[in-house]
Amino acid sequence: MKSYKFEKFTSVIEKNIREGIYKPGHKLPSVRELKQQYQTSITTIQNGYEHLMIMGLVESIPKSGYYVTNRQEYTKTPEKKPYKPVVRDAVFKQNLNLITSHRDKKGVSEFNVAKPGDLLTPQKLILRTMQQAIREQSTALLRYYPSNGDHDLKINIAKRAAAHRSIINPEELIITDGALQALYISLAAVCSPDDVVAIESPCIFSVLEVIRILKLKIIEIPTGVTDGFDISFLKRACKKTNIKAIVVTPNYHNPTGNIMTNEQKKTLLSVAQQQNIAIIENDIYGDLNFSGMRPSNIKGFDDSGLVLTYSSYAKTLAPGIRLGWLSCGKFLPRAEQIKFALGSTVSPIFQETINRLLSGSSYDRHLRAFRLQLAKNAHFTTNLILNSFPEETMVTTPKGGYNIWVKMPDYVNMDSFYSECEKIGVRFTPGLTFSFSNIFEKNFRIVFADKFSEKRIQAIKLAGQYCKNSNKK
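How each quantity is defined
- Residues numbered from 1 in each chain as written.
- Predicted model: local features only at pLDDT ≥ 70, side-chain atom pairs only at ≥ 80, totals over all residues.
- Heavy atoms only, no water.
- 1 Å grid on protein atoms, 1.4 Å probe; cavity = no way out; pocket = protein on both sides within 12 Å on 5 of 7 lines; lining within 4 Å.
- Points joined across faces, edges and corners; volume = space filled by probe spheres on them.
- Nonpolar A, V, L, I, M, F, W, Y, C, P; charged D, E, K, R; others polar.
- Helix = DSSP H or I, 4+ residues; strand = E, 2+ residues; numbered from the N terminus.
- Buried < 20%, exposed > 50% of the residue type's maximum accessible area, 1.4 Å probe, protein only.
- Polar contact = N/O pair within 3.5 Å; in protein donor to acceptor, adjacent residues only side chain to side chain.
- Phe/Tyr/Trp six-rings, centres within 6.5 Å; stacked < 30°, edge-to-face > 60°.
- Lys NZ or Arg CZ within 6 Å of the ring centre and 35° of its normal.
- Pairing = 2+ DSSP bridges.

Enquirer: Can you lay out empty space enclosed by the protein for me, pointing to particular residues and giving the numbers?
Expert: Scanning the model with the defined rule gives three cavities of 30 Å³ or more in all. Taken together, Glu200, Thr223, Gly228, Phe229, Val248, Thr249, Pro250, His253, Asn258, Ile259 and Met260 make up the full set of residues lining the largest cavity. Across the lining of the largest cavity, the residue classes break down as five nonpolar, five polar and one charged.

Enquirer: Quick rundown of the side chain of threonine 69? Include the residues and the values.
Expert: Inspection of the secondary structure assignment puts threonine 69 in the loop between strand 2 (65-68) and helix 4 (90-99). The class for threonine 69 is buried, based on a relative accessible area of 0%. In terms of polar contacts, threonine 69 uses its side chain to reach the side chain of glutamate 59, at 3.2 Å.

Enquirer: Describe in detail the packing of aromatic side chains, supporting the description with residues and values.
Expert: One pass over the structure, following the stated rule, counts 17 aromatic pairs. Between tyrosine 285 and tyrosine 402 the ring centres are 5.4 Å apart and the planes differ by 90°, which places this aromatic pair in the edge-to-face class. With a gap of 117 residues between them, tyrosine 285 in the loop between strand 9 (278-282) and strand 10 (307-312) and tyrosine 402 in the loop between strand 12 (394-395) and strand 13 (403-407) connect regions that are remote in the sequence. Note on tyrosine 285: relative accessible area 1%, which makes it buried. With a relative accessible area of 0%, tyrosine 402 lands in the buried category. When the centroid spacing of 6.1 Å and the interplanar angle of 5° are considered together, the rings of phenylalanine 417 and phenylalanine 428 count as stacked. With phenylalanine 417 in helix 14 (residues 414-424) and phenylalanine 428 in the loop between strand 14 (426-427) and strand 15 (429-430), this pair connects stretches of sequence that are eleven residues apart. Aromatic rings pair up to connect Phe111, Phe380, Phe389, Phe417, Tyr418, Phe428, Phe444 and Phe452 into one cluster. The ring of phenylalanine 452 carries arginine 456 above its face, with NZ or CZ at 5.5 Å from the centroid.

Enquirer: Provide a residue-level description of the pairing of strand 1 (residues 58-61), including the pertinent values.
Expert: Relative to strand 2, strand 1 runs antiparallel, the two being bridged by four bridges. By the bridge assignment for strand 2, serine 60 is matched with tyrosine 66.

Read these as layout, nothing more, since geometry by itself doesn't imply function.
Spelled out as structure tokens, the structure:
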């Protein structure tokens, strides 16, 4: 079996972690220290630490070093099984577990999954429209559709965008298998491995994971709950770093719920144009404003082709509707090639269903009712947290979307808090999933896109009461 140079030191570190000599949070020797100790190259040491990170044993904190991860418990090596083990990325597996639904765990109140609940999903409307498409299109739905998507569907998407002052050329639209595929195509079209991407901080796990898979480097731009994306910080970063792309959610940022003003959008675009940086604009929550007019996109102010805007219908209709779209700007030729390589067509039945919904008034009627319910849920959830949790707890007030960002008092032990939540039967999204570092350890996200039963209300109250009691110990 092939061995690697870095195993000389990684085997020692792994043994010390497994046996509990190095505890979670323990700072490990620096790259230079290990280089001198083992008389090897910096590259070998860095490859070794990357190997330990993939195993989920170690995490890197920028400008600080390498530490034993806090994200899992370590036990002695289990007994051998009669089958070959499957190697998993422990950190990825845990983060995915924290943000996805657990259908096998009935009775758990889930506030950790960013999707509309079953009771807010227009099931009858979607199924009725699907049946209509099947009757009318018949066996045509079993054939390949155009690689970039159905022409009529793209026309309808462009018309809707024009209603909120965002001019999209249907010819530069690509229909995608959801928003995440649109993000992947955007980043792959703009960047190459080791390029630097500016991201919001906090940033959702799915974006971080796509960036990691594409082997890109990141610079985190602070995104405050009141002032939003820190454009001044970005300007300073541009002077020191060759940034290739900016990934941003200007309308109802996940998780803070923040929205950029038109002036902020124009300023960000100006910076990108001056530096020739692509802006990848996530607009999946743009239709979910609680009041007033639907906010505009950065795309609507762009005449350079540097802005790629994407969205999907998973957040507004149903999570199982795997259909999104990407407006590619000047990156269309490369994006088309990448989309084709990922799969030549998106489900015809989904394309026909969405096209019919957008052609009439049913989608807008659904949105009006959905937005009203979300606004009520946001108000109810905010008050519920403020009344149930310690008074030092900080809570955002979203104006759209369906996420609330909560910061806990310093005295609350978050590991104990999440353990208690498991006992209660309630799930929130831990702040540690929103960054490659631990800077949001005291935060969690709560999703309010479902109706509140008495059981769900009681679960939040019990979680808050636990935090209040922990201050008395």
